[in-house]
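# Examining the three-dimensional arrangement
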Amino acid sequence: MALPRDLLFGVKAFLCGLAVILAIQYWPELRSIVPVKAPSGEYLPAGRLADIHIIDGDTYEDRMSGVRYRLVNADTPEAGSRAKCVTERRHAEKAAAAARDLIAGAGKVEFLATGSKDRYGRTLARVEVDGRDLGAALVARKLARPWRGHREPWCDHRGNLIL
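This text gives an overview of the structure that appears in the document. (Residues numbered from 1 in each chain as written. Predicted model: local features only at pLDDT ≥ 70, side-chain atom pairs only at ≥ 80, totals over all residues. Heavy atoms only, no water.)

### Description of unusual backbone geometry
Cut-off, in case you're wondering: Only DSSP runs of H or I with at least four residues qualify as helices, and only runs of E with at least two residues qualify as strands; both kinds are numbered from the N terminus onward. Between buried and exposed lies partly exposed: a residue is buried under 20% and exposed over 50% of the maximum accessible area for its type, with that area taken using a 1.4 Å probe on protein chains only.
Positive phi values are uncommon outside glycine, yet D130 reaches one of about 50 degrees. By secondary structure assignment, the location of D130 is in the loop between β8 (123-129) and β9 (132-133). Take D130: its relative accessible area is 47%, and that puts it in the partly exposed class. Despite not being glycine, K142 has its phi angle at roughly 60 degrees, a positive value. If you trace the backbone, K142 turns up in the loop between α4 (134-140) and β10 (145-146).

### So, the state of the cysteines
Counted only if it meets this: Criterion for a disulfide: a pair of cysteine sulfur atoms at a distance within 2.5 Å.
One pass over the full model with this rule turns up 1 disulfide. Here C85 connects covalently by a disulfide to C155, the sulfurs 1.9 Å from one another. Taking the torsion about the S-S bond as the criterion, the C85 to C155 disulfide, at about -80 degrees, is left-handed. Here C85 is found in the loop between β6 (74-75) and α3 (86-104), whereas its partner C155 is found in the segment after β10, with 70 residues between them in sequence. On the accessibility criterion, C85 (9% relative accessible area) is buried.

Worth remembering: the numbers are spatial, not functional.
Encoded structure:
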């Protein structure tokens, strides 16, 4: 049974109006998933904790795009089996937890790609959490060091953490 054209038009008009009303009402939430243009010219989605996988304190994956990012300005200790001592592993867990807390409480997270990749294929980027540099925040909390272009040891010969 075919519906009259006027009825179909009315249903379409109603649904379009409803979509506009909902978009206006929920604009702040929608805005957090609108793509943002990075300095490199690449469009990157703004993220929320559900959209960001925190691999460790200085490596993140945008689940929406599948892109992995490496902080360009901070180096955190290695986690898991890559840690050279127990204290490095514990410090790595603290760095990742701090990053998770900062991102979870954020209204806006941006990956500002530099246009370069590291030897593992990760996109080098600054990460801004509500306009604040995440790498600098981790360094200020003594959970990371400024990145100097090469890895430095986190453990001394006795297994103590080197800060």
